[in-house]
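Reading the structure
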Amino acid sequence: MDLDLDMILFGETSLRQALYVAAAVVGALLALRIVKRLFFKKKPVLAHTVYFVCENCDWEGHVSKFGTRCPKCNHPISRVATH
Ligand SMILES: [Zn+2]
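As recorded in an unreviewed UniProt entry, the chain goes by Zinc ribbon-containing protein and comes from Desulfatitalea alkaliphila.

Okay, structure coming up:
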């Protein structure tokens, strides 16, 4: 099947114009992904952290799944509260 880029798809829109629009949409989505990646780069990866409340100093927040001590008072983590 031969593809004629100047073929009219609908109204006054040719296949060529439709492809340009599609390319622009894909480009915009890619740009958005890159911007998102840059923007959220410094956020901690919550998938590898657990919510923790220190029973010694009441510090609360996300700590590494593999962390064993409170980041504030260095109290050993004995329980992990998951929210
Ligand atoms: Zn603590």
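1. Overview of the overall build of the chain
Tallying secondary structure elements over the chain gives 1 helix and 4 strands in all. Starting at the N terminus and ending at the C terminus, the chain contains elements arranged as β-β-α-β-β. For the chain, with 83 residues in total, the buried portion stands at 5%.

2. Comments concerning the pairing of strand β3 (residues 49-53)
Where β3 meets strand β4 (residues 60-64), 5 bridges bridge the pair, whose relative direction is antiparallel. Of the residues in β4, the one forming a bridge with phenylalanine 52 is glycine 61. Where β3 hands over to β4, the hairpin turn is made up of 6 residues, of which aspartate 58 adopts a positive phi near 65 degrees.

3. Brief notes about unusual backbone geometry
For residues other than glycine, phi is negative in most cases, and the peptide bonds are mostly trans. In this model, aspartate 58 sits at a positive phi of 65 degrees, which is unusual for a non-glycine residue. Tracing the chain through its elements places aspartate 58 in the loop between β3 and β4. Despite not being glycine, asparagine 74 has its phi angle at roughly 70 degrees, a positive value. By secondary structure assignment, the location of asparagine 74 is in the segment after β4. A tally of 10 C-beta atoms within 10 Å means that asparagine 74 is categorised as exposed.

4. Let's talk about the UniProt feature "transmembrane region" (unreviewed entry) in the chain
According to UniProt, the "transmembrane region" (unreviewed entry) feature falls on residues 17-35. Annotated as 100% helix and 0% strand, the span residues 17-35 places its first and last C-alpha atoms 27 Å apart.

5. Describing helix α1 (residues 15-39)
With 25 residues, α1 should reach 36 Å at 1.5 Å per residue; the first-to-last C-alpha distance of 36 Å fits that figure. Buried residues are scarce in α1, accounting for 0 of its 25 residues.

Basis of the calculations
Residues numbered from 1 in each chain as written. Predicted model: local features only at pLDDT ≥ 70, side-chain atom pairs only at ≥ 80, totals over all residues. Helix = DSSP H or I, 4+ residues; strand = E, 2+ residues; numbered from the N terminus. Buried ≥ 20, exposed ≤ 12 C-beta atoms within 10 Å, placed from the backbone. Pairing = 2+ DSSP bridges. UniProt positions renumbered as here; feature names shortened; annotations may be inferred. Expected span 1.5 Å × (residues − 1).

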